[in-house]
Amino acid sequence: MKKSTDREENRNIQYTQNTGTHEGNEEQQCRPDSKFRYHVIGISLVVFITCVALMGIYYVMFHSEKLSNVYNFLAGIFKPVFFGFIIAYLMTPILNWMEQSVVKPRLQKAGLKWRTRGISVLLTAVLTLLALFLIIYLFVSQIIPSINDIIENINSYSENIQEFFDTAFEDYPEIEERVTNLYDFIYSQAENFSNTIMDNLSSVLLTVFAGGLSVLNTLWNFILGFIFALYMIGSKEMFVGQARKIVYCLFSEDTANQLLADAKYTHKTYIGFIGGKVLDSFIIGCLCLLFTSILGTPYNGLVSLIVGVTNIIPFFGPFIGGIPCAVLVFVVEPTHPLNMVYFGLLILLLQLFDGYVLGPRILGNSTGITGFWVIFSIIVFSGFFGVIGMVIGVPTFAVIFAAIRRAVNGRLREKGLSTERKKYETMTSMQNGKFIEAPEKEKEPKQVHHRLRDVFVNSFKSHHR
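Residues numbered from 1 in each chain as written. Predicted model: local features only at pLDDT ≥ 70, side-chain atom pairs only at ≥ 80, totals over all residues. Heavy atoms only, no water.

Undergrad: Which residues make up the overall build of the chain, and what values do they have?
TA: Counting secondary structure elements, the chain contains 16 helices and 2 strands. Considering the chain as a whole, with its 465 residues, one finds that 22% of them fall into the buried category. Long-range contacts, defined here as pairs at least 24 residues apart, represent 61% of the contacts in the chain between residues at least 6 apart. (Helix = DSSP H or I, 4+ residues; strand = E, 2+ residues; numbered from the N terminus. Buried < 20%, exposed > 50% of the residue type's maximum accessible area, 1.4 Å probe, protein only. Contact = heavy atoms within 4.5 Å.)

So, in structure tokens, the structure goes:
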């Protein structure tokens with residue numbers, strides 16, 4: 001009985017194995033080749049992307065106006081959101097400082113269990129609004145009256161300049177005549193420009209009215225963006241978590257880790273440079289206001305504001321702000337040219353203090369690029385984006401430069417080569433991964449006048465022998 005039972009069980013097991021194998025063969029026969037399927041999907045994606053690109057090129061070439069209208073429409077809708085992102089990004093360091101250094105320690109010391117984030121957001125909003133109110137107050141109370149005073153006294157300023165040139169070049173009639181002709185030409189062009197504006201006063205008023213509406217629209221978008229920013233910074237951990245979740249969903253673990261590291265480096269570069277530059281320029285503007293008040297410089301509020309704002313622009317900012325201000329100081333008091341000299345020396349001393357003392361303490365090496373690349377980035381990005389490009393060009397190029405450097409160094413490590421730059425400066429070639437240094441420079445052949453000197457000295461010595 002046991003033997004017959006064992007035989008039946010063996011037959012059942014064998015039958016089951018054969019049946020499973022047969023069914024698996026049928027599934028493999030019915031299932032399409034996976035490589036072929038992925039190949040078809042890849043070709044389909046390439047065809048789809050190509051069609052979309054061709055359609056985009058067609059619309060750009062023949063329907064650019066429609067695309068421009070669509071872009072303007074969408075930009076108008078999303079402008080408050082865009083403002084909100086920028087405001088939230090700039091307010092985040094203030095919120096972190098307020099929460100970690102001001103609100104949380106005091107609540108813990110008082111033994112209160114209030115919502116730290118809500119109080120921090122409220123105080124950050126109040127501090128930001130106070131800063132904006134202070135800027136507007138200074139602009140209205142100091143800058144606008146200064147500009148109005150300059151416009152009202154422009155005729156007297158021009159007469160003072162004319163008198164200065166007459167006195168300075170009294171003994172040089174030819175130079176005086178050329179300078180006078182140049183001044184008359186500039187003055188006539190300015191007068192023609194003002195007459196043209198008066199003749200087209202209606203169109204100018206319409207332009208001013210349209211500009212006023214645009215300013216009101218921008219102000220409304222700013223208010224909406226500010227409210228949107230408060231909600232963003234109030235739940236910033238949630239948004240960061242959602243962004244990380246999406247990144248790890250779309251990419252592999254290594255790629256996602258690298259993207260998050262790049263995002264962290266980008267944030268550190270931007271917030272370190274822009275935030276530090278704003279603080280640095282604010283201090284320079286305050287120092288300029290203090291010393292110009294001591295020196296009695298005319299329109300010191302307007303001059304200090306221009307110097308402080310243009311100081312945000314690296315390298316070229318002091319020239320962009322200092323030269324027009326020096327000209328303004330000279331135009332107001334041409335009979336006292338030393339005022340312009342004193343102002344120029346003050347700007348020079350402020351820039352030396354900023355470059356060697358204040359700037360390194362606030363900014364440090366936040367960008368990690370040399371002076372050459374700083375100038376290069378400012379020139380290139382200002383050509384594409386104007387004044388905004390001059391401000392964001394340095395941190396943007398620093399991020400691009402860091403990405404290129406990481407890619408190059410990674411590729412060199414894969415090849416087993418060194419990543420030290422100095423080794424590549426002195427090499428001439430490479431063999432089997434070893435650097436071949438440049439040979440020492442041979443002595444240069446003597447020049448002709450050295451040879452003649454040696455011949456003359458030798459002949460002189462032989463003559464005296």
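Moving on from the coordinates now.
Undergrad: How would you sum up the state of the cysteines? Please name residues and give values.
TA: Counted according to the given criterion, the structure contains 0 disulfides. No disulfide involves Cys286; its sulfur sits 10.0 Å from that of Cys288, the nearest cysteine. (Disulfide = S-S within 2.5 Å.)

Undergrad: So what's going on with the nonpolar core? Residues and values would help.
TA: One finds Tyr299, Leu302, Val303, Val307, Leu328 and Phe343 to be the most contacted residues of the largest nonpolar core, which totals 21 residues. Only helix H4 (116-152), helix H5 (154-168), helix H9 (253-295), helix H10 (300-310), helix H11 (317-332) and helix H12 (338-362) provide two or more residues apiece to this core. Considering every element that reaches this core, the biggest residue donor is H11, with 6 residues. Apart from the residues within four sequence positions on either side, Leu302 is in contact with Ile143, Ser146, Ile150 and Leu328. (Core = buried A, V, L, I, M, F, W, Y, C linked by side-chain atoms within 4.5 Å.)

Undergrad: Got a sec to walk through empty space enclosed by the protein? Specific residues and values, please.
TA: In this structure the tally under the stated criterion is 1 cavity of 30 Å³ or more. Looking at the largest cavity, its volume works out to about 40 Å³. What lines the largest cavity is Val307, Thr310, Asn311, Gly317, Pro318, Gly321, Gly322, Ile347 and Gln351. Per-element accounting of the lining of the largest cavity gives the leading share, 4 residues, to H11. Broken down by class, the residue content of the lining of the largest cavity amounts to 3 nonpolar, 6 polar and no charged. (1 Å grid on protein atoms, 1.4 Å probe; cavity = no way out; pocket = protein on both sides within 12 Å on 5 of 7 lines; lining within 4 Å. Points joined across faces, edges and corners; volume = space filled by probe spheres on them. Nonpolar A, V, L, I, M, F, W, Y, C, P; charged D, E, K, R; others polar.)

Undergrad: Break down H12 for me, citing the residues and quoting the values.
TA: Look at H12: 33 Å from first C-alpha to last across 25 residues, which is about the 36 Å you get at 1.5 Å a residue. Residue Asp354 marks the point of greatest curvature in H12, where the axis turns by about 50°. Of all the positions in H12, only Phe343, Leu346, Ile347, Leu350, Asp354, Leu358 and Gly359 are classed as buried. As for H12, its buried residues are in contact with H9, H10 and H11. (Expected span 1.5 Å × (residues − 1). Bend = angle between axes of the 7 residues up to and from the residue.)

Undergrad: So what's going on with the layout of surface pockets? Residues and values would help.
TA: Its boundaries defined by the atoms lining it, the largest pocket holds a volume of some 2,700 Å³. Listed by contribution, the elements that provide at least two residues to the lining of the largest pocket are helix H3 (64-110), H4, helix H7 (201-234), H9, H10 and helix H14 (387-414). It is H4 that provides the largest number of residues to the lining of the largest pocket, a total of 12 residues. Broken down by class, the residue content of the lining of the largest pocket amounts to 38 nonpolar, 9 polar and no charged. Approximately 870 Å³ is the volume attributed to the second largest pocket. Lining the second largest pocket are 20 residues, and of these Tyr89, Lys236, Val240, Ala263 and His267 sit closest to its centre. Broken down by secondary-structure element, the contributors of at least two residues to the lining of the second largest pocket are H3, H7, helix H8 (236-250) and H9. No other element matches H8, which puts 7 residues into the lining of the second largest pocket. Taken together, the residues of the lining of the second largest pocket sort by class into 12 nonpolar, 4 polar and 4 charged.

Undergrad: Got a sec to walk through the pattern of salt bridges? Specific residues and values, please.
TA: One side chain can pair with another of opposite charge once the charged atoms of both are near each other. Scanning the model with the defined rule gives 5 salt bridges in all. Between Arg117 and Glu99 there is a salt bridge; the shortest N-O distance is 3.2 Å. With a gap of 18 residues between them, Arg117 in helix H4 and Glu99 in helix H3 connect regions that are remote in the sequence. Judged by its relative accessible area of 16%, Arg117 is buried. Salt-bridge contacts for Glu237 lead to Arg117; the nearest nitrogen and oxygen are separated by 2.8 Å. With a gap of 120 residues between them, Glu237 in helix H8 and Arg117 in helix H4 connect regions that are remote in the sequence. (Salt bridge = Lys/Arg side-chain N within 4 Å of Asp/Glu carboxyl O.)

What is shown is where atoms sit, not what they do.
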